[in-house]
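# Topology and contacts: notes
Here's the letter readout for the chains.
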Amino acid sequence: MMEISEHSIADLGERGRGALSVRLLGPLDVSVDGAPVALTPGRLRTLLAVLALSAGRTVSIESLAAVLWAHDDPPRNVRRSVQTYIARLRCALGEDAICSGPAGYVLATDPERVDALMFLRLLNMASAAPDPATERTRLGEALNLWRGRPFDGVPSTWLAESKAPWLVERYLTALESRLDLDIAAGRHAELVVELSELTARHPLRESLWARLLIVLGRSGRRAEALARYETIRTRIAGELGVDPDPALQRLHADLLTRCP
């Protein structure tokens, strides 16, 4: 068992590099040296997901316990129960996969081998990109890491309610940034199909509908754009009881005056 110290924490990247990979942006997927690792459903998966979100950093026993028993009565001896789950996780991943110490536990893998952390790093790289082409490349790399609903197969209400919505919003915002770059580059016609699929998948996200109206209008499909506006207007009124966002209404007005 590896104990946590100042030196061992700094060394985690080297000792865990190339060994353990955890994918959270979709069904939970775990591998060690490229070989898949099957984890039994339950708290073991939750424990790994929480450690993976802080890969290379210490997670306190109290924090782990708060997630593991978020909606259940905690065991009488919380520390011992967490230690038991850590031991089971080490059996599955390897003895050196998790470092321990008085403050808590660290997943000993490079954060770049956790897709959720790599996703966030790529978004930061995109925002700091020196030109639109580089920004689009980084956004594309980040978006390609997504395989479905975050934490799928991880039975944690805390992750589903606290972390997943935030990650999904970051995903959608990054997707819209990439769409804007494509619109600015004049790729209007090829975006119609993608945005039609996206608005079907996220039917109340008005910012996606706005982009769909833009590319339809700029592709010479004004009548279809007006029909799509009526679709979202009716849906918003029926499900939310409100009018479309002012930006969407302005786009509709522009289409009526033939100024997409």
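This section reports on the structure supplied with the text.

Each value, and the rule that gives it
- Residues numbered from 1 in each chain as written.
- Predicted model: local features only at pLDDT ≥ 70, side-chain atom pairs only at ≥ 80, totals over all residues.
- Heavy atoms only, no water.
- Helix = DSSP H or I, 4+ residues; strand = E, 2+ residues; numbered from the N terminus.
- Rg over C-alpha atoms; globule rule 2.2 N^0.38 Å.
- Buried < 20%, exposed > 50% of the residue type's maximum accessible area, 1.4 Å probe, protein only.
- Contact = heavy atoms within 4.5 Å.
- Areas by Shrake-Rupley, 256 points an atom, 1.4 Å probe, with all protein chains shown as cover.
- Lys, Arg positive; Asp, Glu negative; His and termini not counted.
- Charge placed at Lys NZ, Arg CZ, Asp CG, Glu CD.
- Pairing = 2+ DSSP bridges.
- Expected span 1.5 Å × (residues − 1).
- Core = buried A, V, L, I, M, F, W, Y, C linked by side-chain atoms within 4.5 Å.

## Focus: the overall build of the protein
On a plain count of helices and strands, the protein comes out with twelve helices and seven strands. Rg of the C-alpha trace for the protein: 23 Å, well past the compact-globule value of 18 Å for 260 residues, more than 25% over. Over its C-alpha atoms, taken along the principal directions, the protein stretches across nearly 70 × 40 × 30 Å. Taken across its 260 residues, the protein has 43% of its residues classed as buried. Sequence-distant contacts in the protein: of pairs separated by 6 or more residues, those separated by 24 or more amount to 61%. Of the accessible surface of the protein, which amounts to about 13,200 Å², a share of 51% is contributed by carbon and sulfur atoms. One way to put it: in the protein the 32 positive side-chain charges average out to a point 2 Å from where the 33 negative ones average out.

## Side note on the sheet that holds strand E2 (residues 20–23)
In a beta sheet, neighbouring strands are held together by backbone hydrogen bonds and run either parallel or antiparallel to one another. With antiparallel pairing, three strands are arranged side by side in an open sheet as E2-E3-E4. For this open sheet the edge positions go to E2 and strand E4 (35–36), each flanked by a neighbour on one side alone. As judged from the two bridges shared by strand E3 (residues 29–32) and E4, these two strands associate in the antiparallel manner. Counterpart to Val32 in the pairing with E4 is Ala35.

## Remarks on helix H5 (residues 78–93)
For H5, which comprises 16 residues, the first-to-last C-alpha distance of 22 Å matches the rise-based estimate of 22 Å (1.5 Å per residue) to within 8%. Residues of H5 that are buried: Ser81, Val82, Tyr85, Ile86, Leu89, Arg90 and Leu93. Just past H5, the residue Gly94 takes up positive phi, approximately 120°.

## Some words on the nonpolar core
Most often, soluble globular proteins have nonpolar side chains that are buried together. Counting residues in hydrophobic clusters, the biggest one holds 77 residues, and the most contacted among them are Leu24 and Leu51. In terms of residues, this core owes the most to one element, helix H8 (residues 157–184), which gives ten residues. Once residues lying within four places of it in the same chain are set aside, the contact partners of Leu24 are Ala49, Ala52, Leu53, Val114, Asp115, Ala116, Arg147, Arg149, Pro150 and Phe151.

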